[in-house]
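Read off the chains here:
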Amino acid sequence: MAIVLASIDRNETSRMYHITLSDKSVLRFPYVWLRDNCRCADCFDPSSRYRTCRVIKLDADIIPVSEEIANDGKTLQIKWPELHTSCYPVSWLVQMRFSESAPEWIDPFRYPKHLWGAEMKDMIPTFQFDDIMNSDQTLYDWLQAVVTYGLSVIKKAPTECNTIDKLGNRVFFLKQTHYGKVSQVIYQADNTNLGFTTRSLVLHVDLPYLEHSPGIELLHCVQQSAIGGDNQFTDVFNCAEKLKQSNPEYYKILTTTLVDFRDWGVPKEKVAHNYDDHHLKYRKPILELSSDGRLKTINYSDALRAPYFRIPVDEVHGWYKAYTALNALMYSPENMIQVKLDSGEIACFDNQRLAHGRTAYKIAEAGKSRHMESGYIDWDQATSRMRVIRERQGEDPI
């Protein structure tokens, strides 16, 4: 049975309505919020879904003239002092209910997270490239897997350059960086980035020196002819949770101490990459929290941590104690997995949650270097695509 309005009570002291629904639940809505969110044609454009009323005309202390339950309990109708009438469908009021305890209800796409350790080696969600390109449901399921686990592998992708550009366009578009949209990661004797060598790469996240580091990283194996070159992944959210439980003080240090990251370079030749002279830097904690105290983003890269450290000198030793404790957890065999991609496979992972690395490699066959390409999709674009798919399937947009 559809939920309808049962009763409305006013509280003039707090300037809000207490609305009881037919299922006995009670919603509270401030008068000023209701006036600000009137859904009539003069105050709201249904085509763009933009609010069109002007705050300069809004009285924060407004008190309604009257209210009534209309349309057999399906609508709340309010008359305001300026001779304006607003109508609010009960279904809309339920969607818009105020809640401090469930932010994921408003945007469920970033939660919940399934934290993992070494057991993930045999649990990595896998998808077929053509299925993602041709099915909205598979596209949604793939993105949801990256939301939940932080990692998935796409199989049977073309072994052609710029394949991930096609994948990015299927979602929305790839993030443009100083590497271009797609970076071709091939060995170069003369380079300005360790990724273009055959050396091992320690666990890190990409581009922590940007104010907004990339969300999803796509790592496409165009050609895998190397001895070694396995990809390593650690769920740092899982490690951070373990650190929080075992040593809350270390966790606090890593969530509050700002660290400088930087990158600059002058490329010798634009062969494997597509960037110009650059000098990028930003300052943020290793473990970045959201406004509600949840772990939001990891910022971790030994190579890109600046040598200068703008904190009181007496706090430096304590920070290193906390940092090395987290590092030990990240490299523990119980927390890290190792995967070697085959040609035509794409590792897709949350760059704001997982740290990734690479074992050293040797070129197995003359003239056939290990060839990977990488690119990024910001979470804004990924979650937008997920919402659109759900709306196409009949879910009302909020």
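Provided above is the structure to which this section pertains.
From a predicted model like this one, the values you see are computed outputs, not experimental measurements.

**Concerning the overall build of the chain**
Thinking step 1. Per the secondary structure count, the chain includes 10 helices and 24 strands.
Thinking step 2. Residue burial in the chain is summarised as follows: out of 398 residues, 47% are buried.
Thinking step 3. Put simply, of all contacts in the chain between residues at least 6 apart along the chain, 74% involve residues at least 24 apart.
Thinking step 4. As displayed, the chain offers around 19900 Å² of accessible surface, 50% of which is attributable to carbon and sulfur atoms.

**Focus: the side chain of R370**
Thinking step 1. As for its placement among the helices and strands, R370 is situated in the loop between strand 23 (361-363) and strand 24 (371-377).
Thinking step 2. Within the buried core, R370 has no salt-bridge partner, and the shortest N-O distance to an opposite charge, that of D230, equals 7.3 Å.
Thinking step 3. Here the side chain of R370 touches G229 through a polar contact of 3.0 Å, landing on its backbone oxygen.

**Topic: the packing of helix 5 (residues 136-149) against helix 10 (residues 379-392)**
Thinking step 1. Orientation of helix 5 relative to helix 10, taken along the N-to-C sense of each, is 135°, at an axis distance of 10 Å. Here helix 10 runs oblique to helix 5, going by the angle between their axes. Helix-helix and strand crossings are classified by hand; for helix 5 and helix 10 the assignment is left-handed. Contacts from D136, L139, Y140, L143, Q144, V146 and V147 in helix 5 reach W379, A382, R385, M386, I389, R390 and R392 in helix 10.
Thinking step 2. Tallied by class, residues from the contact of helix 5 with helix 10 come to nine nonpolar, one polar and four charged.

**Quick notes on the nonpolar core**
Thinking step 1. The biggest cluster of nonpolar side chains holds 32 residues, and the ones touching the most others in it are L254, I286, L287, L326 and M330.
Thinking step 2. When residues of this core are traced back to their parent elements, those giving at least two are helix 7 (236-246), helix 8 (248-256), strand 16 (259-265), strand 19 (295-298) and helix 9 (316-331).
Thinking step 3. Tallying contributions element by element places helix 9 first for this core, with six residues.
Thinking step 4. Setting aside its immediate chain neighbours within four residues, L326 contacts V236, C239, A240, L243, L254, I286 and L287.

**Some words on unusual backbone geometry**
Thinking step 1. Backbone geometry places R49, a non-glycine residue, at a positive phi of 65°.
Thinking step 2. Within the secondary structure, R49 is located in the loop between strand 4 (44-45) and strand 5 (50-51).
Thinking step 3. Positive phi values are uncommon outside glycine, yet N162 reaches one of about 70°.
Thinking step 4. Here N162 lies in the loop between strand 10 (151-155) and helix 6 (163-171).

**Remarks on the environment of I3**
Thinking step 1. Here I3 lies in the segment before strand 1 (5-11).
Thinking step 2. Note: C-alpha distance between I3 and S91 (88 residues apart in sequence) is 7.8 Å.
Thinking step 3. Sequence-distant contacts of I3, that is, excluding residues within four places in its chain, are made with L21, S22, D23 and V90.

**Observations concerning the sheet that holds strand 2 (residues 16-21)**
Hydrogen bonds between backbone atoms are what pair the strands of a sheet, whose relative direction is either parallel or antiparallel.
Thinking step 1. The three strands lie next to each other as 1-2-3, forming an open sheet whose pairing is antiparallel. Single-partner strands in this sheet number two, and they are strand 1 and strand 3 (26-30). Taken over all neighbouring pairs, the strand axes of this sheet differ in orientation by 20° on average, direction set aside.

**Quick word on the pairing of strand 2**
Thinking step 1. The pairing of strand 1 with strand 2 spans six bridges and is classified as antiparallel. Counted as the bridge partner of D9 is H18 from strand 2.
Thinking step 2. Between strand 1 and strand 2, which pair antiparallel in sequence order, lie four residues; one of them, R15, sits at a positive phi of approximately 55°.
Thinking step 3. Two elements, strand 2 and strand 3, share five bridges in a ladder whose sense is antiparallel.

**As for helix 5**
Residue pairs three or four apart in sequence face the same way in an α-helix, which turns once every 3.6 residues.
Thinking step 1. For helix 5, spanning 14 residues, the distance from its first C-alpha to its last is 20 Å, which sits close to the expected 20 Å at 1.5 Å a residue.
Thinking step 2. Of all the residues in helix 5, the buried ones are T138, L139, Y140, W142, L143, A145, V146, V147 and T148.
Thinking step 3. Put simply, S135 is the residue that caps the front of helix 5, since its side-chain oxygen is 3.4 Å from the backbone nitrogen of Q137.

**Focus: the packing of helix 7 against helix 8**
Thinking step 1. Two elements in contact, helix 7 and helix 8, have axes whose closest approach is 5 Å; the angle formed by their N-to-C orientations is 130°. Here helix 7 lies oblique to helix 8, going by the angle between them. Residues A240, L243, K244, Q245 and S246 of helix 7 form the contact with helix 8, whose own contacting residues are P248, Y250, Y251 and L254.
Thinking step 2. In terms of residue class, the contact of helix 7 with helix 8 is built from six nonpolar, two polar and one charged.

**Some remarks on the sheet that holds strand 12 (residues 201-204)**
Thinking step 1. Strand order across the open sheet formed by four strands is 12-22-15-20, with antiparallel pairing between neighbours. The open sheet terminates on both sides in strands that have one partner only, identified here as strand 12 and strand 20 (336-339). Looking at each pair of strands side by side, their axes are set apart by 15° on average, direction ignored.
Thinking step 2. Two elements, strand 15 (residues 231-235) and strand 20, share four bridges in a ladder whose sense is antiparallel.

**Considerations on the packing of aromatic side chains**
Thinking step 1. Evaluated as defined, the whole model comprises 12 aromatic pairs.
Thinking step 2. Seen from their ring centres, F309 and W319 are 4.9 Å apart, and the 80° between their planes marks the pair as edge-to-face. Separated by 10 residues along the polypeptide, F309 in the loop between strand 19 and helix 9 and W319 in helix 9 bring together distant segments of the chain.
Thinking step 3. Taking the relative accessible area as the measure of exposure, F309 reaches 21% and is therefore partly exposed.
Thinking step 4. Ring geometry for W319 versus Y323: centroids 4.6 Å apart, planes at 15°, classification stacked. Placement of the pair is W319 and Y323 together in helix 9, with a separation of four residues, close to one helical turn.
Thinking step 5. Looking at Y323, the relative accessible area reads 4%, which means it is buried.
Thinking step 6. Counting every residue linked through ring pairs, the aromatic cluster contains F29, W33, Y88, W92 and F98.
Thinking step 7. Above the plane of the ring of F44 lies R39, whose end atom (NZ or CZ) is 3.8 Å from the centre.

Basis of the calculations
Residues numbered from 1 in each chain as written. Predicted model: local features only at pLDDT ≥ 70, side-chain atom pairs only at ≥ 80, totals over all residues. Heavy atoms only, no water. Helix = DSSP H or I, 4+ residues; strand = E, 2+ residues; numbered from the N terminus. Buried < 20%, exposed > 50% of the residue type's maximum accessible area, 1.4 Å probe, protein only. Contact = heavy atoms within 4.5 Å. Areas by Shrake-Rupley, 256 points an atom, 1.4 Å probe, with all protein chains shown as cover. Lys, Arg positive; Asp, Glu negative; His and termini not counted. Salt bridge = Lys/Arg side-chain N within 4 Å of Asp/Glu carboxyl O. Polar contact = N/O pair within 3.5 Å; in protein donor to acceptor, adjacent residues only side chain to side chain. Axes fitted to C-alpha atoms, helices over the stretch in contact; angles between N-to-C directions. Parallel < 35°, antiparallel > 145°, perpendicular 65-115°, else oblique. Left-handed = near helix turned anticlockwise from the far one by under 90°. Nonpolar A, V, L, I, M, F, W, Y, C, P; charged D, E, K, R; others polar. Core = buried A, V, L, I, M, F, W, Y, C linked by side-chain atoms within 4.5 Å. Pairing = 2+ DSSP bridges. Expected span 1.5 Å × (residues − 1). Phe/Tyr/Trp six-rings, centres within 6.5 Å; stacked < 30°, edge-to-face > 60°. Lys NZ or Arg CZ within 6 Å of the ring centre and 35° of its normal.

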